[in-house]
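Survey of secondary and tertiary structure
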Amino acid sequence: MYQQHDLPSLPYDFGALEPAISGKIMELHHQKHHAAYVKNLNDALEKHADAEAKGDVAKMIALQSAIKFNGGGHVNHSIFWTNLAPQSEGGGTPPTGQIGDAINKKFGSFDEFKENFNAKAGPIQGSGWCWLGYHKERGQICIRTCSNQDPLSTTGLIPLLGIDVWEHAYYLQYENRRPEYLKNIWTVINWNNVEERFINAQK
């Protein structure tokens, strides 16, 4: 047996993040791309369970890359949707509370943090993600990039905020202007969600 995964519902309408992210992009991103990761993950897990029941170790090993890629896509996007919010629901409001204090302590100011983050996110070659993560042993937040759909947790960090820089996240609206996408997405970041993740990460 294996755990069946489902596509999570968006906590807002497709067009709720406009003009930062168009409704068409959100619909395609969620209904096509994320849905495909979920379907392919379930297919790979089913085949893995069958191979395990048969003791086919070679097949189990061969399926690991599909499980990692599609599982990472599912995990990453499930976080990404909650990291965003319409401006009418607080999206884009600068961080306060514990996460605001941690950002100011680490980077000097929220503006400095955004500059550091975008400076790492912008040059990512090909497809990937940029993350604000928490290193529990060191008690510090930090910025990290991950290739493809590799989950941040594989680096030993707890994900707090992830920004998708795959072209499917912005190209329909911004074309090759990734820096413009990275500038505008801050207007819909849900810092209440990031704060909640930060508090839970410290427990």
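This is a predicted model, so every value here is computed, not measured.

This part is about the sheet that holds strand β3 (residues 158-164). One open sheet accounts for three strands, arranged β2-β1-β3; its pairing is antiparallel. Each end of this open sheet is capped by a strand with a single partner; those strands are β2 (140-147) and β3. For this sheet, the mean inter-axis angle between neighbouring strands, taken without regard to orientation, is 25°. In this structure, strand β1 (residues 128-135) lies alongside β3, joined through six bridges in antiparallel fashion. Along β3, the bridge assignment pairs tyrosine 134 with isoleucine 158.

Let's shift gears to the pattern of salt bridges. For the structure shown, the criterion picks out six salt bridges. In this structure, the salt-bridge partner of aspartate 111 is lysine 114, at a minimum N-O distance of 3.7 Å. You can see aspartate 111 and its partner lysine 114 sitting in helix α5 (residues 110-121), three residues apart, about one turn around the helix. Put simply, Glu175, Arg177 and Glu180 are held in one network by salt bridges that share partners.

This paragraph deals with the nonpolar core. Counting residues in hydrophobic clusters, the biggest one holds 50 residues, and the most contacted among them are Phe113, Leu132, Ile141, Ile185 and Trp191. Considering each element in turn, this core owes the most residues, five residues, to β1. Not counting residues up to four positions away in its chain, the partners in contact with phenylalanine 113 are Ile103, Phe107, Leu132, Ile143, Trp186 and Trp191.

A grouping of Lys106, Lys120, Arg138 and Arg144 is seen on the molecular surface, where their side chains present a positively charged patch. Structurally, arginine 138 can be placed in the loop between β1 and β2.

With that settled, consider helix α3 (residues 64-82). The end-to-end C-alpha separation of α3 is 27 Å, in line with the 27 Å expected for 19 residues at 1.5 Å each. Those residues of α3 not exposed but buried are Ile67, Asn70, Gly71, Gly72, Gly73, His74, Asn76, His77, Ile79, Phe80 and Trp81. Among the structural elements, α1 (23-54), β1, β3, α7 (178-184) and α8 (191-201) are those in contact with the buried residues of α3.

Reading the values: the criteria
- Residues numbered from 1 in each chain as written.
- Predicted model: local features only at pLDDT ≥ 70, side-chain atom pairs only at ≥ 80, totals over all residues.
- Heavy atoms only, no water.
- Pairing = 2+ DSSP bridges.
- Helix = DSSP H or I, 4+ residues; strand = E, 2+ residues; numbered from the N terminus.
- Axes fitted to C-alpha atoms, helices over the stretch in contact; angles between N-to-C directions.
- Salt bridge = Lys/Arg side-chain N within 4 Å of Asp/Glu carboxyl O.
- Core = buried A, V, L, I, M, F, W, Y, C linked by side-chain atoms within 4.5 Å.
- Buried < 20%, exposed > 50% of the residue type's maximum accessible area, 1.4 Å probe, protein only.
- Contact = heavy atoms within 4.5 Å.
- Patch = residues over 30% accessible without salt bridge, like charges linked within 9 Å, V, L, I, M, F, W, Y side chains within 5 Å.
- Areas by Shrake-Rupley, 256 points an atom, 1.4 Å probe, with all protein chains shown as cover.
- Lys, Arg positive; Asp, Glu negative; His and termini not counted.
- Charge placed at Lys NZ, Arg CZ, Asp CG, Glu CD.
- Expected span 1.5 Å × (residues − 1).

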